[in-house]
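# Examination of the molecular architecture
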Amino acid sequence: MWRIEIAAEVSSASPDVSDNQLKFVTLRSDMGRILAIDYGRRRCGLAVTDTLRLVASGLKTGAAASLCDEVAAYCAAESVDEIVIGLPRDMHGNESESMRYIRPGVAALRKRLPGIPVTFFDERFTSSIAHRAMIDGGMPRMKRRDKGVVDEIAAVIILNGYLDSRQYLDKM
């Protein structure tokens, strides 16, 4: 097992840190991946981090009906420490109607994988951002119509947002 410790001087302007205190970030070789799911009625996009949790990559798009089996199989093959589910919200911050079919799927996932925490993360605009990324990346029009590709890219966007968020950084 290897360890890399990075020390950074923390500003004394922070109310919970005293002068000259160092904050250590440890990267461990035994860290598991984080798996993200863009949950849909028919399809679910999956994305996963590398073992150092630096890069999010699209994994696949699967049928919503078999999501639990697919995630369980992946978690059996790879070390997964957390599952992040896109939380659909409306423009006012309220949960959207699609939570009706997401909640039962998440409950089944939690029951099937009790040792892996499941976290919700705001997914507003991820599909729009995914479409824009495909256009900006020069993806041909016919390929952009494949909703599975959109779902997978949306899962990557959710995971990147989660990795950049305070919600994730506070857990480290």
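Computed from a prediction, not measured in an experiment: that's the story for all the values here.

## Overview of the packing of aromatic side chains
Overall, the coordinates contain one aromatic pair when judged by the stated rule. Aromatic side chains Phe 121 and Tyr 162 sit 5.7 Å apart centroid to centroid with 80 degrees between the ring planes, which places their arrangement in the edge-to-face category. In this pair, Phe 121 is assigned in strand E7 (residues 118-122) and Tyr 162 in helix H5 (residues 147-164), connecting sequence segments 41 residues apart. The exposure class assigned to Phe 121 is buried, which follows from its relative accessible area of 15%.

## Details of the environment of Val 149
With respect to the secondary-structure elements, Val 149 resides in helix H5. Taking the C-alpha atoms as reference, Val 149 lies 9.1 Å from Gly 58; in sequence the two are 91 residues apart.

## Section: helix H2 (residues 99-112)
In this model H2 runs 19 Å from its N-terminal to its C-terminal C-alpha over 14 residues, within 8% of the 20 Å that 1.5 Å per residue would give. Three or more residues of H2 are buried, namely Met 99, Ile 102, Gly 105, Val 106 and Leu 109. Buried positions in H2, seen along its axis, are confined to an arc of 125 degrees and lie on one side of it. Exposed and facing more than 90 degrees away from the buried side of H2 are Arg 100, Pro 104 and Lys 111. Structurally, H2 contributes buried residues whose contacts are with strand E3 (33-39), helix H1 (67-77), strand E6 (80-87) and E7.

## Side note on the confidence of the model for the protein
Averaged over every residue, the pLDDT of the protein is 79; residues scoring 70 or more account for 73%. In this model residues 1-12 is a low-confidence stretch, pLDDT under 50, and it forms 31 contacts with partners more than four residues away in sequence or in other chains.

## Considerations on the pattern of salt bridges
Within this structure, the stated rule accounts for six salt bridges. Across the salt bridge formed by Glu 70 and Lys 60, the nearest N and O atoms sit 3.1 Å from each other. You can see Glu 70 sitting in helix H1 and its partner Lys 60 sitting in strand E5 (residues 56-63), a full 10 residues away along the chain. Of the residues examined, Lys 60 reaches a relative accessible area of 34% and is grouped as partly exposed. Glu 97 serves as the salt-bridge partner of Arg 100, at 3.2 Å between the closest nitrogen and oxygen. A residue is classified by how much of its surface remains accessible, and Glu 97, at 56% relative accessible area, is exposed.

How each quantity is defined
- Residues numbered from 1 in each chain as written.
- Predicted model: local features only at pLDDT ≥ 70, side-chain atom pairs only at ≥ 80, totals over all residues.
- Heavy atoms only, no water.
- Phe/Tyr/Trp six-rings, centres within 6.5 Å; stacked < 30°, edge-to-face > 60°.
- Helix = DSSP H or I, 4+ residues; strand = E, 2+ residues; numbered from the N terminus.
- Buried < 20%, exposed > 50% of the residue type's maximum accessible area, 1.4 Å probe, protein only.
- Expected span 1.5 Å × (residues − 1).
- Arc of directions from axis to C-beta.
- Contact = heavy atoms within 4.5 Å.
- pLDDT = per-residue confidence, 0-100.
- Salt bridge = Lys/Arg side-chain N within 4 Å of Asp/Glu carboxyl O.

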